Protein chains: 2
Amino acid sequence: MSLTESIKRQSLHEELVERVRNLVVDNTLKPGEKVPEKDLCEAFGVSRTPLREALKVLASEGLIVLQANRGARVTRVTREELDKTFPVIAALEQLAGELACQRLDDAGIERIEAEHAAMMKAFHAGDRQSYFLANQNIHNALIEAADNDILEMHHRMLAVRVRRARFMANLSDARWVQAIEEHEQMIARLRDRDAVGLGQLMKTHMLNKRQAHFAALDAGAGNETDN
Amino acid sequence: MSLTESIKRQSLHEELVERVRNLVVDNTLKPGEKVPEKDLCEAFGVSRTPLREALKVLASEGLIVLQANRGARVTRVTREELDKTFPVIAALEQLAGELACQRLDDAGIERIEAEHAAMMKAFHAGDRQSYFLANQNIHNALIEAADNDILEMHHRMLAVRVRRARFMANLSDARWVQAIEEHEQMIARLRDRDAVGLGQLMKTHMLNKRQAHFAALDAGAGNETDN
DNA sequence: AAAGTTAATTATGAATTCATAATTCAGTCA
DNA sequence: TGACTGAATTATGAATTCATAATTAACTTT
């Protein structure tokens, strides 16, 4: 990432921010669920103080919500929230596309093409798991290529909230084909070093993804565990 | 802002996040300075625990940096960081411009025009202070009009870091004229409800602002207090 | 007198304690 | 039997305490 974290090993609360964030992202802690303070303390072998510091940070990221005297709960991502979030991610990805196009050298482009190839392979094999991973790798690589820590950080904050929804699993075949086409175009723009074009594509790609998410939401509604 | 904070009064640490953030924003705590934990505790009449929770949150926002066993310091905004931050703000303002244009009703536009008029008055009076305020009001109004909490939050996080630099004070006359012209154009696009045009303008407006900041930085370099 | 070394002080990270708000559960009464 | 009241339990927010790292001050040695 950046150079500010070269030597120093993380403090307890930083470590905990990551750990708990991962629990949320990988759906171990499900949306709406209470964050079990005591259990986590025992599991990680730390006292409540650093854990609670971590929870405050995660709350400021919007990943959990703190209710006064009622502890923390994993944020339930509502349709409205997704609706608001995607345009912002789209705007950031547009910028990332433009910057990446300007900054990537040939080797960098080749690396992304390789990942793209892996993604295509997963697509033709019908392997959603691998596709999902490769797809994420490509987006992350483009963000990273933009070489802008601020952009990267804000993108990550937003991506985490959306990715958690994990709707990629119930991706429709039609949308899958469309997404693949969009990626093909993106690669083409990247090869041509058409910065504005790539940016535009990444933006619409993300907005289309929003539609797909909503379609999936409407289809298999209300399958999350509560309480 | 949103409806999630209707009834509940803030917890101590939330209150402290705001208070300390304000200290940083209004330059009471200057870049590079140590955040005096003990003094703040006494000033606010709280124990270290909630204050430290607040510091963790502010650190995650990037407003301060925590050094292991060496306390917190106000982040020094480097030229590089500004350079990275402005394009991201620009991307968000572009989006805000587009959305605001779509969402604002006539009354809303009139309110912004009124603020614009106030800004012009300040300009002609050469009143930098009032200009700065009105300018900020306009940008905030447009962001708010976009009606997107996520966008608003991320914009605020970034704006705080930049605004802190307070270079508006040493705004050059030439840049001031240019900024005014850009604002005139923005208002025109808003009247025409040209969403894409307004977005584009807000983006370039912000990128031009970056240039102005850099010019100011180069001119009056190194007038910040250290240590 | 200057530089290096060690002791004292202070500040910090984390654990623990404490007071209080929220929840659970038993008991009561309709 | 079911709803309500109130005590017991639990969880939470915040203060305090404790161990250790960092800084400062004093002292030694050349």
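For clarity, every value in this text was computed on a predicted model and none was experimentally measured.

Participant: Can you help me understand helix α8 (residues 173–192) of chain A in this one?
Facilitator: Each full turn of the α-helix corresponds to 3.6 residues, which orients residues three or four apart in the same direction. All names here are of chain A. With 20 residues, α8 ought to run about 28 Å at 1.5 Å a step, and its terminal C-alpha atoms sit 29 Å apart, in line with that. Among all positions in α8, only R175, W176, A179, I180, E182, H183, M186, I187 and L190 are buried. Looking down the long axis of α8, one finds its buried residues gathered within 165 degrees of arc, a one-sided arrangement. In α8, the exposed positions angled more than 90 degrees off the buried face are occupied by A174, R191 and D192.

Participant: Got a minute to help me understand the side chain of H183 of chain B in this structure?
Facilitator: Residue and element names in this part refer to chain B. Within the element layout of this structure, H183 appears in helix α8 (residues 173–192). We classify H183 as buried; its relative accessible area is 1%. Look past the residues within four positions of H183 in its chain and what remains in contact with it is H116, M119, N135, I138, H139 and H205.

Participant: Hey, could you run me through the protein's contact with DNA strand D in this one?
Facilitator: Not every one of the 17 residues close to DNA strand D is listed here, only the nearest: R52 of chain A together with L12, S47, T49 and R70 of chain B. For DNA strand D, the fraction of atoms within 4 Å of the protein that belong to sugar or phosphate moieties is 70%. N69 of chain B places a side-chain nitrogen or oxygen 3.3 Å from a sugar or linking oxygen of DNA strand D. When contributions to the surface near DNA strand D are tallied by element, the ones reaching two or more residues are α2 (37–44) and α3 (48–61) of chain A together with α3 (48–61) of chain B. A total of 3 residues in the surface near DNA strand D trace back to one element, the largest contributor, which is α3 of chain B.

Participant: How should I be thinking about the relation of the copies chain B and chain A in this particular structure?
Facilitator: In the superposition of chain B on chain A (RMSD 0.1 Å, axial shift 0.0 Å), the rotation amounts to 180 degrees. What the rotation and shift describe, once combined, is the action of a two-fold rotation axis. Both copies contact each other with a shared surface, as 100% of the interface residues of chain B are interface residues in chain A too.

Participant: Is there a simple way to explain the pattern of salt bridges in this structure?
Facilitator: Working definition: two side chains of opposite charge can pair if their charged atoms are close together. Summed over all chains, the structure comprises 32 salt bridges over all chains. For the salt bridge of E113 of chain A with R191 of chain A, the shortest nitrogen-to-oxygen distance reads 2.4 Å. In this pair, E113 of chain A sits in helix α5 (residues 106–125) while R191 of chain A sits in helix α8, placing the two residues 78 residues apart along the sequence. According to the relative accessible area criterion, R191 of chain A is exposed, its value standing at 52%. Several salt bridges converge on common partners, so that one network encompasses E37, R48, R52 and K56 of chain A together with E53 of chain B.

Participant: What's the story with the interface of chain B and chain A in this structure? I'm lost.
Facilitator: In many analyses, interface size is given as the accessible surface area lost on bringing the parts together. Contact residues are listed per partner, giving 27 residues for chain B and 27 residues for chain A. A buried area of about 2500 Å², summed over both sides, lies between chain B and chain A, and 67% of it is on carbon and sulfur atoms. Inspection of the region where chain B meets chain A yields 8 salt bridges. For E53 of chain B, the salt bridge identified is with K56 of chain A, shortest N-O distance 3.8 Å. For the pair chain B and chain A, the interface holds 8 residue pairs in polar contact (both at pLDDT 80 or more).

Definitions and cut-offs
- Residues numbered from 1 in each chain as written.
- Chains lettered and ligands numbered in written order.
- Predicted model: local features only at pLDDT ≥ 70, side-chain atom pairs only at ≥ 80, totals over all residues.
- Heavy atoms only, no water.
- Helix = DSSP H or I, 4+ residues; strand = E, 2+ residues; numbered from the N terminus.
- Expected span 1.5 Å × (residues − 1).
- Buried < 20%, exposed > 50% of the residue type's maximum accessible area, 1.4 Å probe, protein only.
- Arc of directions from axis to C-beta.
- Contact = heavy atoms within 4.5 Å.
- Near = heavy atom within 4 Å.
- Polar contact = N/O pair within 3.5 Å; in protein donor to acceptor, adjacent residues only side chain to side chain.
- Least-squares fit on C-alpha atoms with pLDDT ≥ 70 in both.
- Salt bridge = Lys/Arg side-chain N within 4 Å of Asp/Glu carboxyl O.
- Buried area = accessible area lost by both parts, 1.4 Å probe.

Honestly, that's just the spatial picture; any functional story needs more than this.
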